[in-house]
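Given next are the chains, with one letter for each unit.
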Amino acid sequence: MGNSGGSLTTRSTGELDQLMRAAGFTDIDDTNALAEGWQVADFADAGRNSLANLVQRTGTPAVMVTFHDSDVGFIEARTPDGHSWEGLLNREMAESYEIPLEHFPIEPAVAGALAWSTAAGLTPDEKAIRETLTGSAVFAEELSSALLAALGLPGATQTSHARTGGIA
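Keep in mind that what you see is a predicted model, and the values were worked out from it rather than measured.

Parameters at a glance
- Residues numbered from 1 in each chain as written.
- Predicted model: local features only at pLDDT ≥ 70, side-chain atom pairs only at ≥ 80, totals over all residues.
- Heavy atoms only, no water.
- Core = buried A, V, L, I, M, F, W, Y, C linked by side-chain atoms within 4.5 Å.
- Buried < 20%, exposed > 50% of the residue type's maximum accessible area, 1.4 Å probe, protein only.
- Helix = DSSP H or I, 4+ residues; strand = E, 2+ residues; numbered from the N terminus.
- Contact = heavy atoms within 4.5 Å.
- Arc of directions from axis to C-beta.
- Polar contact = N/O pair within 3.5 Å; in protein donor to acceptor, adjacent residues only side chain to side chain.
- Phe/Tyr/Trp six-rings, centres within 6.5 Å; stacked < 30°, edge-to-face > 60°.
- Axes fitted to C-alpha atoms, helices over the stretch in contact; angles between N-to-C directions.
- Parallel < 35°, antiparallel > 145°, perpendicular 65-115°, else oblique.
- Left-handed = near helix turned anticlockwise from the far one by under 90°.
- Pairing = 2+ DSSP bridges.

Give a description of the nonpolar core that names residues and reports values.
Ile 75, Trp 85, Trp 116, Leu 133 and Leu 153 are the most contacted members of the largest nonpolar core, which totals 27 residues. At the level of secondary structure, the elements contributing two or more residues to this core comprise β4 (38–43), β6 (62–68), β7 (72–78), β8 (84–89), α4 (106–119), α5 (126–134) and α6 (140–150). Contacts of Trp 85, omitting those with residues within four sequence positions, involve Ile 75, Glu 76, Ala 77, Ala 109, Gly 112, Ala 113, Trp 116 and Leu 147. Among the nonpolar cores identified, the runner-up in size contains 13 residues, and Phe 25, Ala 41, Phe 43 and Ala 62 belong to it.

Okay, here's the thing in structure tokens:
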């Protein structure tokens, strides 16, 4: 217990790690290109407004998943026009951590994910988004990868960002 960190996905033509540092993310590593300018990067920590700062700097939508012990993922996504949504991955495990599930209702998260994806110029899969937000997995990172694919990110697959353990 105690391991955390996260993953950020955005479209960027610049050096994503430098943009992330300037926005308040720390210990950025494993930046990977997906397709069509989308990139994924792991980070150790993010400041309270890091995602908003990054979206403002890049002018592109971004989705961030912060992991708790590889068991639970907290989703936050933003678009440049100020729209945002939040969600939770691995609800069953979150309940065992006594995370109040009522703070993460499914329907607003699905609606937000669909709107975010559309604003990002992607083609989302509503059924897959819902399954990801209600599903369970050994590692929350597996659900995070499934979410990226469900959002319609080009080049994302369910295994493109799966991990085998927590982030130290």
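Outline α5, listing residues and values.
Each turn of an α-helix holds 3.6 residues, which means side chains three or four residues apart point in the same direction. Along α5, the residues classified as buried are Ile 129, Thr 132 and Leu 133. For α5, the arc enclosing every buried residue in end-on projection is 95 degrees, short of the 170-degree limit, so these residues lie on one face. The secondary structure elements touched by the buried residues of α5 are β7, β8, α3 (91–96), α4 and α6. Measuring from the backbone nitrogen of Lys 127 back to the side-chain oxygen at the start of α5 gives 3.2 Å, which picks out Asp 125 as the cap.

Tell me about the packing of aromatic side chains, residues and numbers included.
A full pass over the atoms with the stated rule returns three aromatic pairs. For the ring pair Phe 25 and Phe 43, a centre distance of 4.9 Å and an interplane angle of 70 degrees mean the geometry is edge-to-face. Residue Phe 25 is found in strand β2 (residues 25–26), and its partner Phe 43 is found in strand β4; the two are separated by 18 residues along the sequence. Using a relative accessible area of 3% as the deciding quantity, one classes Phe 25 as buried. Overall, Phe 43 belongs to the buried group, its relative accessible area being 2%.

Give a description of the packing of α5 against α6 that names residues and reports values.
Relative to each other, α5 and α6 sit at 165 degrees, their axes nearing to 9 Å. With respect to their mutual orientation, α5 and α6 come out roughly antiparallel. Crossing of α5 over α6 shows left-handed handedness. Facing Ala 128, Ile 129 and Thr 132 of α5, the residues of α6 in contact are Leu 143, Ala 146, Leu 147 and Ala 150.

I'd like a rundown of the pairing of strand β1 (residues 4–11), residues and numbers included.
Of all eight residues in β1, six are buried; the element is thus mostly enclosed. Relative to β6, β1 runs antiparallel, the two sharing seven bridges. Bridging across to β6, Thr 9 finds its partner in Val 63. In this structure, β1 lies alongside β4, joined through six bridges in antiparallel fashion. Paired with Gly 6 across the two strands is Phe 43, which belongs to β4.

Please give an account of the environment of His 103 that cites residues and values.
The residue His 103 is located in the loop between α3 and α4 in this model. Residue class for His 103 comes out exposed when judged on its relative accessible area of 55%. Separated by 98 residues in sequence, His 103 and Gly 5 have C-alpha atoms that sit 21 Å apart.

Provide a residue-level description of the sheet that holds β7, including the pertinent values.
Pairing is antiparallel across the open sheet formed by six strands, whose spatial order is β3-β4-β1-β6-β7-β8. Looking at the sheet topology across the chains shown, the edges are occupied by β3 (29–33) and β8. Mean inter-strand twist for the sheet, computed between neighbouring axes without regard to direction, equals 15 degrees.

Summarise the pairing of β8; cite the residues concerned and give the values.
Sheet topology note: the β7/β8 ladder contains six bridges and is antiparallel. By the bridge assignment, Ala 77 is partnered in β8 with Trp 85. Following β7, the chain reverses through five residues before pairing antiparallel with β8; Gly 82 in that reversal takes a positive phi of roughly 95 degrees.

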